[in-house]
Amino acid sequence: MLLALLLAACTTTPKPDATSAPGPGATSPSGDRWRPRPGLAWQWQLSGRLDTSVDVPVYDIDGFDHSRATVAKLHRDGRKVICYLSTGAWEDFRPDAGDFPAAVIGRGNGWEGERWLDIRRTDVLEPLMAERVDMCRDKGFDAVEPDNMDGYRNRTGFPLTAADQLRYNRLIARLAHERGLAVGLKNDLDQIPRLVDDFDFAVNEQCAQYGECARLTPFVEAGKAVFHVEYELPTGRFCADSRRLKLSSLLKKYELDAWRRPC
């Protein structure tokens, strides 16, 4: 889960090819979807008025809060745009909140208005998540950042297992890929060896603070970007390691507004 605000088929992602199609970090010779390479600069903004003046090739923004016109403007500026969605937690402030039956809504995840979902219930959640990914596609996003992808390690109110999480995460990856979108694995470090082939990039929070950044190496070795943020460590404490590991690292505030300090 975002600290700030805060898939059942297995799909194998081909390894990147150096003869890429145009676009920031694109490595897909067939042009079927974006595949960001390690080291791409990025901006992650989920709150406040969107600042589109940050001169980086990748923006990660909230899928519900922003329009097709906003995504199109970022594209005209040469950006790739990632659609932030919560796929493992229910949020009472989303327009589709009433579509989730009470039986799949569990304990709070520590953030106001948010509660874990019973990811075992793919019969209920798959169509709901498909609609959300459809929204990202229809607005013109290039990729999806699905959040709350490690519920099995938390007190959700449901007896979730690692196998449940693998199945669900692969489902989410499949939904994105079927719609031509790239998809990132959010946190869930323990399952990276099993999931790196299913996802096109990773998004991580605070791996430096907890001494875990080397665990993201499988993504970099596969030619896939790792978009990483720290909230509490100064850049002098993590940027040298980030550069060595080829992570795309930022210092951000917990509210994930426009402020950023890149490595």
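See the structure shown above.
Each value, and the rule that gives it
Residues numbered from 1 in each chain as written. Predicted model: local features only at pLDDT ≥ 70, side-chain atom pairs only at ≥ 80, totals over all residues. Heavy atoms only, no water. Axes fitted to C-alpha atoms, helices over the stretch in contact; angles between N-to-C directions. Helix = DSSP H or I, 4+ residues; strand = E, 2+ residues; numbered from the N terminus. Left-handed = near helix turned anticlockwise from the far one by under 90°. Contact = heavy atoms within 4.5 Å. Nonpolar A, V, L, I, M, F, W, Y, C, P; charged D, E, K, R; others polar. Core = buried A, V, L, I, M, F, W, Y, C linked by side-chain atoms within 4.5 Å. Buried < 20%, exposed > 50% of the residue type's maximum accessible area, 1.4 Å probe, protein only. Expected span 1.5 Å × (residues − 1).

(A) Highlighting the packing of helix H2 (residues 122–138) against helix H3 (residues 162–178). Two elements in contact, H2 and H3, have axes whose closest approach is 10 Å; the angle formed by their N-to-C orientations is 35°. Remark: the crossing between H2 and H3 carries right-handed chirality. Each of Thr 122, Leu 125, Glu 126, Met 129, Ala 130 and Val 133 in H2 lies in contact with H3, whose residues at this interface are Arg 167, Tyr 168, Leu 171, Ile 172, Arg 174, Leu 175 and Ala 176. Looking at side-chain class alone, the contact of H2 with H3 contains nine nonpolar, one polar and three charged residues.

(B) Molecular detail of the nonpolar core. Counting residues in each nonpolar core, the largest one holds 57 residues, and the members touching the most others are Leu 85, Phe 100, Leu 117, Leu 125, Phe 199 and Phe 219. Counting only elements with at least two residues in this core, the list comes to strand E2 (58–62), helix H1 (68–76), strand E3 (80–86), H2, H3, strand E8 (182–186), helix H4 (192–195) and helix H5 (217–221). Residue contributions to this core peak at eight residues, all from H2. In terms of nonpolar packing, the next biggest core, distinct from the first, is built from 18 residues, Val 58, Tyr 84, Phe 201 and Leu 256 among them.

(C) Molecular detail of H3. Its 17 residues give H3 an end-to-end C-alpha distance of 24 Å, which sits within 8% of 24 Å, the value for a rise of 1.5 Å per residue. Counting buried positions over the 17 residues of H3 gives twelve, a clear majority of the element. Buried residues of H3: Gln 165, Leu 166, Tyr 168, Asn 169, Arg 170, Leu 171, Ile 172, Ala 173, Arg 174, Leu 175, Ala 176 and His 177, and no others. Tucked into the core, H3 has its buried residues touching H2, strand E7 (143–147), E8 and H4. Just beyond H3, the residue with positive phi is Gly 180, at close to 80°.

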